[in-house]
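# Notes for the structure review
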Amino acid sequence: MIQVAVLGYGTVGSGVVEVIEKNKQEINKKSGEALNIKYILDLRDFPGDPYEEKVVHDVEVILNDPEVKIICETMGGIKPAYDFTKRALCMGKSVCTSNKELVALHGPELIQVAHEHQCNYLFEASVGGGIPIIRPLNYSLTAERIDAITGILNGTTNYILTKMEREGADFEEVLREAQEKGYAERNPEADIEGYDACRKIAILSSLMCCRNVKYEDIYTEGIAKITPEDFVYAKSMGKTIKLLAQSKEVGGKMYAMVAPFLISIDHPLSMVNGVFNAVWVHGNMLGDSMYYGRGAGKLPTASAVVSDVVDCARHIGKVIMCFWDDEDVELTGIEEAERRFFVRVPAQKEMDALHVFERASVVEADVPGEFAFVTDQMAEKEFNEKAGQVGVISRIRIEE
């Protein structure tokens, strides 16, 4: 029997316990050996909980127990999760986590520590919640040269944009509704400003190029400036608006960013609505593939953590390869990236805009007092210079 400990008995941690207990028969069969949750670490007591006798308040109990071979870190944040994780790995205990902040900041270091001590640091749940994407990148697509990853990686923002599109509602109105339904945090900054998606695409980008992409280097823009009028224009163009997290290799240069984009309704990601997430991957031989599902939530995320537990159980004392070196990637600034832009200007600026943006394509929509158009393809730097001459209301990048 393999003994397992869970660090943090919140939403995901309690989900991990539920998944292991409810699917015990299937999980034990696939692990090749019975799994047992021996400890649950939390500062709180849980009187009346079915597993209250497993709750401990001192991590030393877990770290000093040689029977514990696998630890599920579902605490979130950096401190004390980093310290607990590193100590566990140094003791030869594998760690499975849903902690995107920790993986994005210390991933290559913790992977190296694990390998040095013949155990594993796995993080399937850190990016897509219940969507399997880390394992496909590490195993299923190893014959590919991945040159692009684009994802809808945050359920909160996708829910907000979907509601705005379908109901013509304002951003603030839908955000309040999302908070009431529990889809958005009381402080939603990490979601609506794109920081959550930024950490996730940093992890995927690192696995794509097998080196370290620092999330701090990724240009990040949220959805707070998107308006109902933007969706009126989008509909007239046969497009929708999504917050995309993407990384691409173009001409030997690596680009990564998070921002709202206009995408065609024919694009596979346009059909990803509500709290669902998806990751679109392009390989040089396979072409396009997409991974879709619930990107967050108690049981979907817990299911992904437990899938890593099963993988660790199958490889006790053996290293599962993960190609993520600690060499930092130098990202190319987005100023050099070329694309088309959708632009809104006051109606009185129409002639100025057409003069500055040559070969602009006019967009017709029922929005009074405005003139809208799509630019020719140009670099971000060139666009910003021209936009400064005109004075735009807003702009949204177009993903072809």
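First, a word on what this report is: a plain description of the structure on this page. (Residues numbered from 1 in each chain as written. Predicted model: local features only at pLDDT ≥ 70, side-chain atom pairs only at ≥ 80, totals over all residues. Heavy atoms only, no water.)

A count of helices and strands for the chain gives 15 helices and 17 strands. Over its C-alpha trace the chain gives a radius of gyration of 23 Å, about what one expects of a compact globule, namely 21 Å for 400 residues. Overall, the chain is about 75 × 45 × 35 Å in size when its C-alpha atoms are taken along their principal axes. Across the 400 residues that make up the chain, the buried fraction comes to 56%. A separation of at least 24 residues holds for 72% of the contacts in the chain among residues at least 6 apart in sequence. (Helix = DSSP H or I, 4+ residues; strand = E, 2+ residues; numbered from the N terminus. Rg over C-alpha atoms; globule rule 2.2 N^0.38 Å. Buried < 20%, exposed > 50% of the residue type's maximum accessible area, 1.4 Å probe, protein only. Contact = heavy atoms within 4.5 Å.)

Before going further, it helps to spend a moment on the pattern of salt bridges. Per the counting criterion, the structure on display carries 31 salt bridges. Residue Lys 163 pairs with Glu 177 through a salt bridge whose shortest N-O separation is 2.9 Å. A residue pair is termed long-range when its members are at least 10 positions apart, and Lys 163 in helix 8 (residues 155-167) and Glu 177 in helix 9 (residues 171-180) qualify at 14 residues. Judged by its relative accessible area of 15%, Lys 163 falls in the buried class. Residue Lys 200 pairs with Asp 196 through a salt bridge whose shortest N-O separation is 3.0 Å. Here the residue Lys 200 and the residue Asp 196 both occupy positions in helix 11 (residues 195-209), the gap between them amounting to four residues, near one helical turn. (Salt bridge = Lys/Arg side-chain N within 4 Å of Asp/Glu carboxyl O.)

Pairing within the open sheet is parallel, and its six strands lie in the order 3-2-1-4-5-6. In this open sheet, the two strands that pair with only one neighbour each are strand 3 (55-56) and strand 6 (121-122). In this sheet, strand 3 lies alongside strand 2 (residues 35-41) in parallel orientation, the contact comprising two bridges. By the bridge assignment, Ile 40 is partnered in strand 3 with Val 55. Packing against the sheet, helix 1 (residues 11-22) makes contact with strand 1 (2-7), strand 2 and strand 4 (68-73), and its axis sits at approximately 160° to strand 2. The sheet strands contacting helix 13 (residues 298-314) are strand 1, strand 2, strand 4, strand 5 (94-97) and strand 6, and the helix crosses strand 5 at an angle near 160°. (Pairing = 2+ DSSP bridges. Axes fitted to C-alpha atoms, helices over the stretch in contact; angles between N-to-C directions.)

Before going further, it helps to spend a moment on helix 13. Structural remark: α-helix, 3.6 residues per turn; residues separated by three or four positions point the same way. Between its first and last C-alpha atoms helix 13 spans 25 Å; for 17 residues at 1.5 Å apiece the expected length is 24 Å, and the two agree. All of the buried residues in helix 13 are Thr 301, Ala 302, Ala 304, Val 305, Val 306, Asp 308, Val 309, Val 310, Asp 311, Cys 312 and Ala 313. (Expected span 1.5 Å × (residues − 1).)

Turning next to the packing of helix 1 against helix 13. Where helix 1 contacts helix 13, the axes come no closer than 8 Å and their chain directions differ by 65°. Read as a crossing pair, helix 1 and helix 13 show a hand that is right-handed. Contact residues: helix 1 offers Thr 11, Val 12, Ser 14, Gly 15, Val 16, Glu 18, Val 19 and Ile 20, while helix 13 offers Lys 298, Leu 299, Thr 301, Ala 302, Ser 303, Val 305 and Val 306. (Left-handed = near helix turned anticlockwise from the far one by under 90°.)

Taken together, the side chains of Glu 216, Asp 217, Asp 325, Asp 326, Asp 328 and Glu 330 present a region of like negative charge at the surface. On the secondary structure map, Glu 216 appears in the loop between helix 11 and strand 8 (219-220). (Patch = residues over 30% accessible without salt bridge, like charges linked within 9 Å, V, L, I, M, F, W, Y side chains within 5 Å. Areas by Shrake-Rupley, 256 points an atom, 1.4 Å probe, with all protein chains shown as cover. Lys, Arg positive; Asp, Glu negative; His and termini not counted. Charge placed at Lys NZ, Arg CZ, Asp CG, Glu CD.)

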